[in-house]
Amino acid sequence: MNAISASAPGKVILLGEHAVVYGKPAVALAIDRRIKCTLSPAAETTVNGRSYDPSKHPYLDHMINLFSRPVRIETEGSVPPGSGLGSSAALSVSFLKALNGVMGNDIDNERLANDAFITEYTVQGRASPLDTSASTHGMGIVVNGPEDSGEHLWDISKNESKWSVRDIRIPEMTLVVGYTGIHAATGPLVEKVRRYKDKCGFAKDVINDIGNLTIEGIGALKKNDIVRLGNLMTQDHRSLSILGVSCNELNKLVNASLEYSYGAKLTGAGGGGSMIALTDRPEKVCEAISLHGGTPFIVRTGVDGARKE
Ligand code: MEV
């Protein structure tokens, strides 16, 4: 077996995180930050030159068990773990793409997205296929959107939940990410929302509101109405804050960005991680984010999904 490499992109979520776990619509865009995974034969399993410790690598652990031989794993990339930018999805997708190469299988994207979703679901205890499908397909995807939101890619189901995944064309726009530097694991945040939703009708209403504003956002994307889209992103941030998944650091970065943006919101699971701002004044937004303790960067969207390297 020769060394085989594959890479996959991180993502930002424009609208709909958390609510998508309960079948509501969501929109995610792949970004120009990737994780590359290289697998090669070895006498014992190692990860980046160190002997393999399953407790340190929960996502890898699930996937390594699919392969019965020891393997040397090298990962590199520019998606910080726990940043809300889809690092675990990019790792799962790139690892599984490389692993299938090692096993001589030519895996298609539908199967890859499904297998990577099962990895996230197993490790996190609950998940939607939003991140893993965005990382697999690249470009932009909408989950559980209206039929006319874009070309149908695949359906993914788990227990009673079903998600249909479509490609979505997005207008030219500039997004600035503000990273809080706070590492936030997705599983506990998803679990926090589940508990709130199961106990409280108000939380269910907020989840429905997120679903409705996401549908409206998909319409705004179609009409190229960036002003409305920005507005809806800010509303989404408020709804996510009510669900308890924002934090002071994220709120500070969102508020600081709003002066120079059409809209801003946390992206991903929250609790730290990152926010995004939709803007035509990216330098001003970057300055505001830095001034308020975040690390800003402009992201490019419209990038490739999973690929062999
Ligand atoms: C995390 O990036 C997105 C969440 O909606 C979880 C998921 O969809 O699996 C919070």
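Residues numbered from 1 in each chain as written. Predicted model: local features only at pLDDT ≥ 70, side-chain atom pairs only at ≥ 80, totals over all residues. Heavy atoms only, no water.

Peer 1: Could you clarify how one ought to interpret the sheet that holds strand β10 (residues 263-267) in this entry?
Peer 2: One key point about sheets: their strands pair by backbone hydrogen bonds, in either a parallel or an antiparallel sense. Reading across from one edge, β10-β11-β9-β12 is the order of the four strands in this open sheet, with antiparallel pairing throughout. Sheet topology places β10 and β12 (295-299) at the edges, where each strand pairs with a single neighbour. Taking each pair of neighbouring strands and ignoring which way they run, the sheet shows an average axis angle of 25 degrees. Judged from the five bridges that link them, strand β9 (residues 174-179) and β12 form a sheet pairing that is antiparallel. Note on β12: the bridge partner recorded for Val 176 is Ile 298. In this fold helix α7 (residues 226-242) packs onto β10 and β11 (274-279), with an angle of close to 45 degrees to the strand it touches most, β10. Relative to β10, helix α8 (residues 248-258) is tilted by about 160 degrees, and along the sheet it contacts β9, β10 and β11. (Pairing = 2+ DSSP bridges. Helix = DSSP H or I, 4+ residues; strand = E, 2+ residues; numbered from the N terminus. Axes fitted to C-alpha atoms, helices over the stretch in contact; angles between N-to-C directions. Contact = heavy atoms within 4.5 Å.)

Peer 1: Looking at this structure, I do not really get the pattern of salt bridges. What am I missing?
Peer 2: Close approach of charged atoms allows side chains of opposite charge to pair. All chains considered together, the criterion is met by 14 salt bridges. Linking Glu 216 and Arg 228 is a salt bridge whose minimum nitrogen-to-oxygen distance equals 2.7 Å. In this pair, Glu 216 sits in helix α6 (residues 201-222) while Arg 228 sits in helix α7, placing the two residues 12 residues apart along the sequence. Taking relative accessible area as the criterion, Arg 228 reaches 27% and is therefore assigned partly exposed. (Salt bridge = Lys/Arg side-chain N within 4 Å of Asp/Glu carboxyl O. Buried < 20%, exposed > 50% of the residue type's maximum accessible area, 1.4 Å probe, protein only.)

Peer 1: I keep staring at the site of the ligand and nothing clicks. Help me out?
Peer 2: Every residue close to the ligand is listed here: Lys 11, Ile 13, Glu 17, His 18, Val 20, Val 21, Ala 127, Ser 128, Asp 131, Val 190, Gly 268 and Ala 269. Within the contact set of the ligand, an oxygen atom lies 2.9 Å away from a backbone nitrogen or oxygen of His 18. At a separation of 2.6 Å, an oxygen atom of the ligand approaches a polar side-chain atom of Ser 128. Counting atoms within 2 Å of the grid points, the majority share of the ligand lands in the largest pocket. (Near = heavy atom within 4 Å. Polar contact = N/O pair within 3.5 Å; in protein donor to acceptor, adjacent residues only side chain to side chain. 1 Å grid on protein atoms, 1.4 Å probe; cavity = no way out; pocket = protein on both sides within 12 Å on 5 of 7 lines; lining within 4 Å. Sits in = over half its atoms within 2 Å of the grid points.)

Peer 1: Any chance you could explain the packing of α6 against α7 here in plain terms?
Peer 2: For any two helices packed against each other, one specifies the inter-axial angle together with the distance between the axes. Look at α6 against α7: their axes get within 9 Å of each other, and the N-to-C directions meet at 165 degrees. One finds that α6 runs roughly antiparallel with respect to α7. Where α6 crosses over α7, the handedness of that crossing is left-handed. Between α6, through Phe 202, Val 206, Ile 210, Leu 213, Glu 216, Gly 217, Ala 220 and Leu 221, and α7, the contact on the second element is made entirely by Arg 228, Leu 229, Leu 232, Gln 235, Asp 236, Ser 239, Leu 240 and Ile 242. Of the residues belonging to the contact of α6 with α7, the class tally is 10 nonpolar, three polar and three charged. (Parallel < 35°, antiparallel > 145°, perpendicular 65-115°, else oblique. Left-handed = near helix turned anticlockwise from the far one by under 90°. Nonpolar A, V, L, I, M, F, W, Y, C, P; charged D, E, K, R; others polar.)

Treat this as a map of the structure, not an account of what it does.
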